[in-house]
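# Notes for the structure review
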Amino acid sequence: MNMHTPPVGERLREWRQRRRLSQLAFACDADISARHLSFLETGRARPSRDMLLHLAELLDVPFRQRNELLLAAGFAPVYSEAGLDSPDAAAARRAVDLVLKGSEPYPALAVDRHWNLVAANDAAGLFLQGVDPALLEAPINVLRLSLDPRGLAPRIENLAGWRSHIFMRLERQVAQTADDGLAALLEELQAMPGGTDESDADEYGGLIAPLKLRTEGGTLTFFTATTVFGTAVDISFSELVIESFFPGDAFTAAAMRAAMDDA
């Protein structure tokens, strides 16, 4: 049975509503009349290629979904997807490796749009200790690794708070991208045990959600920072995210430096 493929006008309306914009407000932003926008959304008018790209830019539609809009309107895709392992991506991969290496002695990892591991620095091996080998089969999903009872979950001291932090991030991503794969991942993770605790960040003034990881040497506390390639024009690299874990206290900083010195 053929699945229904929404026409381009319906897709535009969905993205506008996802961004919580009225027709009038968005028409003003796009410098077109509300009547013309209404015609585009209902299919009474067909957008040109340039108009479609203009509207997609204003709506902050991800590159992958912009290509889908173009295809739905009968145009060729604009954004390439060379792939992270492509020879054409060698220079960009070196940049990723440089960022990861520069984060040492603290963990850092690069993930794709579905949070599958692309690359990691040596310090990230901390997160693999005691993990069920089944979770380390490619592709390694770092969020599943984090929350699965066979993964890091038993070692996360503030598991409920960390789950809440991950769920909020995923919910924002789903709203931003309309990605069915991310929505399915969120549903899978929410079904895992561990509860939630949105007040977990209160210990740090409500500003940052920590990750507290139990180790044989004591509890390590990390804060995360996210790096994206703001000038990327390829789909793969526009979706790539580098998660860096910085020490939340002096004990964690000293322990990670000592671990790297001993490696």
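Located above this text is the structure these notes cover.
Computed from a predicted structure; not experimentally measured.

Definitions and limits used
- Residues numbered from 1 in each chain as written.
- Predicted model: local features only at pLDDT ≥ 70, side-chain atom pairs only at ≥ 80, totals over all residues.
- Heavy atoms only, no water.
- Helix = DSSP H or I, 4+ residues; strand = E, 2+ residues; numbered from the N terminus.
- Buried < 20%, exposed > 50% of the residue type's maximum accessible area, 1.4 Å probe, protein only.
- Polar contact = N/O pair within 3.5 Å; in protein donor to acceptor, adjacent residues only side chain to side chain.
- Contact = heavy atoms within 4.5 Å.
- Pairing = 2+ DSSP bridges.

### Section: the side chain of E104
Summarising the element assignment, E104 is placed in the loop between α6 (90–103) and β1 (108–111). Here E104 falls in the buried class, since its relative accessible area comes to 18%. Of note is the side chain of E104, whose polar atom sits 3.0 Å from the side chain of K101. From its side chain, E104 meets the backbone nitrogen of D122 in a polar contact 3.0 Å long. In this view, E104 contacts N121, D122, A123 and M260; residues no more than four positions away in its chain are not counted.

### Re the pairing of strand β5 (residues 241–247)
With respect to burial, β5 is a largely interior element, five of its seven residues being buried. Inspection of the sheet shows β1 paired to β5 by four bridges, in the antiparallel sense. Considered in β5, the bridge of L109 is made with E243. Bridging between strand β4 (residues 218–228) and β5 involves seven bridges; their strand directions are antiparallel. Across the sheet, T227 pairs through a bridge with I242, a residue of β5.

### Brief notes about unusual backbone geometry
The step from E104 to P105 runs through a cis peptide bond, and the omega angle for that step is 20°. With respect to the helices and strands, P105 occurs in the loop between α6 and β1. A cis amide bond, omega -5°, links A138 with the succeeding residue P139. If you trace the backbone, P139 turns up in the loop between β2 (117–120) and α7 (142–147). Phi is positive for R20, which is not a glycine, with a value near 60°. Mapping R20 onto the fold places it in the loop between α1 (8–18) and α2 (23–30).

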